[in-house]
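# Per-entry structural report
These are the residues of each chain, in order.
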Amino acid sequence: MLNRLSGEDSVGDAAKAIRGIPNDQPSATNRYLYYPDHLVCMPNPKRGIFSNLYTLLSEPIFSGVLSKLFAETWVAERSSNTRDESVGSFISRRYGAPVADNLVSALYHGIYAGDIYNLSARTLMPRFWYLEKRDTADGHGINIELLELITKSRSLLSFDTVRLMNRMIKDDSGNKESFAFLQRQMSKTSIYSFVRGLGQLNDFLLDYLKSNANVTLRPNTKVEKLEFDSSNRKFSVSTSSQPSSSKEFDYTICTLSPAVLAQFLQPSEYADTTKSVPSTSLISSLENGCPKSVNVMVVNLYYQNPNLPIPRGFGYLIPRSVPVEQNPERALGVIFASETTGPRGPKDAFVEIIDLPKQQKEGEEDPELDPDLVRRLMEQGTKQRIQVGQDTASGTKLAVMIGGHWWSGWKEEDLPDEQTAIEMAKSVIQRHLKVTEEPMLAKARLQREAIPQYQVGYRDAMARIHQNLVKDYEGRIKVLGPWWQGGVGVNDCVKSARETSRRIREAWDDQTGLEDYVGEEKWVLVDRRTNVQVLDPLQVR
Ligand SMILES: C=Cc1c2[nH]c(c1C)Cc1[nH]c(c(CCC(=O)O)c1C)Cc1[nH]c(c(C)c1CCC(=O)O)Cc1[nH]c(c(C)c1C=C)C2
């Protein structure tokens, strides 16, 4: 997908679409935690050793943390029977409760809006989970293992990551030039966005699919039933507009939740008796293994003042340990959104390339423009106006995220409405950032079931679903997306989409997208100097 975005048609389109924030910008280097009543900038190499040390020694959020970090080496490892454990319990056990509650809980608010005492350590901290039991003969803990990797210039990568990287390098079906361009662009980038927002990705995909004669799109059409004929291994689909379809399909790709897939597959009273019926074991593995999800209220605030008294950076997160009187709204964090969407204002959001040779000599790097793109435009002699920032107005944008796991189990009528949410967000901003100005624009939206919560036991649940899908549907149902592969990000989705299309192209029908969950995780040691890859000889026993 991104490969296509990056220039199937023209390399210029990519530079126009993807807006990368360079690694050295404040939004890349400065991330804050709120504790107990002020923002604390997290240590990072760009801030220098003295500044980091001062923060570590003076801020209450780190009290008791350093001694516990050092003591980790002597903590007894988990028992061999433990299949999984919550992130909160794992971190408290190895590094102490303050690390879990003050630091790690905030991080998991900022990715999953989740409760560390429910999320799976094995799924979400796989490397740490693995390192705890690696080399058990020495029993010297995670920190020493990490130190050893650093001093020996080795990376420990999951087997599936290395497999994907190797496949992408070998794969000649993609556009090599655009892939190389994307790699170069991303290596300088900490985060990226799309100039017209994330919706641009959808628009691009839609346009691309519409331009393919063999694709039929059925918007606003609910799938009612999915039936499989095992004699010819074909699916038929009943939809709200077409109760019985004559068309047959070879594969089904499901990006919805396991529980929704179970609904599609359940035979109705009037089911066609020639079609296969899913086993009760598949249906119960889908229903019981389905992660719960959380609702997140996202409130966007726009202030006309471009110079509000807020620090430079990506934003801040609020750990679970912050006393309720400091966070009665149960906010999870705030994104300083004008920092993350590129240059803003009527002048700065666009770069006009009128006379390239004068404006930029070949080889001279402009942080906003890719040199290859410039070279290409120079060759074409093109005059272009390129949008590099999302916002054509100056001012300050903030995005306040509220709720998540704090609202788990709440009844619908107890959730705040949008107007109340705006008032809540304004009071968060007033209390935490001392901003008393009224926003010029405010918009709230409740994102329902926004983020799946990968529960303790997620890995085993997905392995069971895989085995049942292969048995009942002969690997003709593939699953991908946030519910299935334990990753909520766009990158995770792109990665699993790539792998799914390969599985179908190669007719790998022993694979559903969940096969890597069966058995133990495999890890690869990569020598960073030579790029030699070896399967880690010290796999967990
Ligand atoms: C305050 C709540 C949230 C913030 N972002 C999200 C929530 C619930 C959701 C979210 N965050 C990340 C993703 C994945 C995006 C992707 O990969 O496409 C999602 C869905 C990424 C992320 N955000 C933070 C971290 C450390 C990460 C992991 C990857 C990375 O380093 O980029 C931190 C973070 N999130 C939020 C803030 C304010 C913040 C840090 C200060 C908001």
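Above: the structure in question.
Here is what the cut-offs are and how they apply
For every chain, the first residue of its written sequence is number 1, and the numbers climb from 1 along that sequence. The predicted nature of this model means local features are confined to residues of pLDDT at least 70 and side-chain atom pairs, given and counted, to a pLDDT of 80 or more, with totals for whole chains, interfaces and linings taken over all residues. The basis for the side-chain values is all heavy atoms of the structure; hydrogens and waters are excluded. Strands are runs of DSSP state E lasting at least two residues, helices are runs of H or I lasting at least four, and both sets are numbered from the N terminus onward. Only protein chains enter the area calculation, which uses a 1.4 Å probe; residues under 20% of their type maximum are buried, those over 50% are exposed, and those in between are partly exposed. Nearness here has a simple test: a residue counts as near a molecule or strand if at least one of its heavy atoms is within 4 Å of that partner. Whenever a nitrogen or oxygen atom comes within 3.5 Å of another N or O atom, the pair is scored as a polar contact, on the condition that within protein one atom can donate a hydrogen and the other can accept it, and that pairs from neighbouring residues in sequence are kept only if both atoms are in side chains. Per-residue and other accessible areas were derived by the Shrake-Rupley procedure at a 1.4 Å probe size, with only the shown protein chains allowed to occlude residues. Only Asp, Glu, Lys and Arg are considered charged in this grouping, and only Ala, Val, Leu, Ile, Met, Phe, Trp, Tyr, Cys and Pro are considered nonpolar; every other residue, Gly among them, is considered polar. Here, a salt bridge means any Lys or Arg side-chain nitrogen found within 4 Å of an Asp or Glu carboxyl oxygen. Ring pairs are drawn from Phe, Tyr and Trp, using the six-membered ring of Trp, whenever the two centres fall within 6.5 Å, and their geometry is named by plane angle: stacked under 30 degrees, edge-to-face over 60, tilted for the rest. Lysine NZ or arginine CZ positioned within 6 Å of the ring centre and within 35 degrees of the ring normal marks a charge as sitting over the ring. Whether two residues are in contact is decided by their heavy atoms, any of which lying within 4.5 Å being enough. Whether two strands pair depends on DSSP finding at least two bridges between them. For every element, the axis is a line fit to its C-alpha atoms; helices are fit only across the contacting stretch, and the angle between N-to-C directions ranges from 0 to 180 degrees. Every angle not falling under 35 degrees, over 145, or within 65 to 115 is termed oblique; those three ranges are roughly parallel, roughly antiparallel and roughly perpendicular. Each crossing gets its handedness from the near helix: less than a right angle anticlockwise from the far helix is left-handed, clockwise is right-handed.

## Looking at the environment of tryptophan 483
Locating tryptophan 483 in the fold gives a position in the loop between strand 16 (477-479) and helix 20 (490-505). For tryptophan 483, a relative accessible area of 13% puts it in the buried group.

## With respect to the site of the ligand
Arg31, Gly110, Val334, Gly489 and Val490 are the nearest of the 19 residues found near the ligand. Arginine 31 has a polar side-chain atom sitting 3.2 Å from an oxygen atom of the ligand. Interatomic distance of 2.7 Å between a backbone N/O atom of glycine 110 and a nitrogen atom of the ligand. Protein contact buries 73% of the 800 Å² of open area that the ligand shows by itself. Contributing elements (two or more residues each) for the shell around the ligand: helix 7 (97-112), strand 10 (315-317) and strand 11 (331-335). Considering only residue class, the shell around the ligand consists of 13 nonpolar, 5 polar and 1 charged.

## So, unusual backbone geometry
Backbone torsion omega between tyrosine 35 and proline 36 reads -20°, so that peptide bond is classified as cis. Turning to its location among the elements, proline 36 is positioned in the loop between strand 2 (31-34) and strand 3 (39-41). Of note in the backbone geometry, serine 153 takes a positive phi value of approximately 50° without being a glycine. Mapping serine 153 onto the fold places it in the loop between helix 10 (141-151) and strand 4 (154-158).

## Some remarks on the pattern of salt bridges
Enumeration according to the criterion identifies 33 salt bridges in this entry. In this structure, arginine 167 and glutamate 499 form a salt bridge, with 2.7 Å as the shortest nitrogen-oxygen distance. Taken together, the positions of arginine 167 in helix 11 (residues 159-170) and glutamate 499 in helix 20 put the pair 332 residues apart, joining distant regions of the chain. Using a relative accessible area of 6% as the deciding quantity, one classes glutamate 499 as buried.

## A closer look at the packing of aromatic side chains
Counted under the stated rule, the structure contains 14 aromatic pairs. On the basis of an interplanar angle of 40° and a centroid distance of 6.1 Å, the ring pair of tyrosine 34 and tyrosine 316 is categorised as tilted. With tyrosine 34 in strand 2 and tyrosine 316 in strand 10, this pair connects stretches of sequence that are 282 residues apart. Assigned by exposure class, tyrosine 34 and tyrosine 316 land together as buried. When the centroid spacing of 6.2 Å and the interplanar angle of 10° are considered together, the rings of phenylalanine 235 and tyrosine 473 count as stacked. Residue phenylalanine 235 is located in strand 7 (residues 234-239), and its partner tyrosine 473 is located in helix 19 (residues 458-473); the two are separated by 238 residues in the primary sequence. Take phenylalanine 235 and tyrosine 473: they sit in the same class, and that class is buried. An aromatic cluster is built from Tyr108, Tyr112, Tyr454, Tyr458 and Tyr517, whose rings are joined through pairwise contacts. In this arrangement the basic side chain of lysine 522 is found over the ring face of phenylalanine 159, its NZ or CZ atom lying 4.3 Å from the centre.

## Things to note about the side chain of serine 158
If you trace the backbone, serine 158 turns up in strand 4. The exposure class assigned to serine 158 is buried, which follows from its relative accessible area of 16%. A polar contact of 2.9 Å, which involves the side chain of serine 158, links it to the side chain of aspartate 160. With near-sequence residues (within four places) excluded, serine 158 lies in contact with Lys522 and Trp523.

## As for the sheet that holds strand 4
The sheet built from 3 strands is open, its strands ordered 4-17-18 with antiparallel pairing. The open sheet has two edge strands with one neighbour each: strand 4 and strand 18 (533-535). Each neighbouring strand pair of the sheet contributes to a mean axis angle of 30°, computed without reference to strand direction. In the sheet, strand 4 pairs with strand 17 (residues 523-527) via 5 bridges, with the strands oriented antiparallel. Each bridged residue has a counterpart across the sheet, and for leucine 157 the counterpart in strand 17 is valine 524. Sheet contacts for helix 9 (residues 126-133): strand 4 and strand 17; angle to strand 4, the most-contacted strand, approximately 115°.

## A look at the packing of helix 11 against helix 20
At a minimum axis separation of 12 Å, helix 11 and helix 20 run at an interaxial angle of 65°. Comparing their axes, helix 20 and helix 11 come out roughly perpendicular. Judged by the sense of rotation from one axis to the other, the crossing of helix 11 with helix 20 is left-handed. Of the residues in helix 20, those touching helix 11 at Asp160, Thr161, Arg163, Leu164, Arg167 and Met168 are Lys495, Arg498, Glu499 and Arg502. Here the contact of helix 11 with helix 20 is built from residues that sort into 2 nonpolar, 1 polar and 7 charged.

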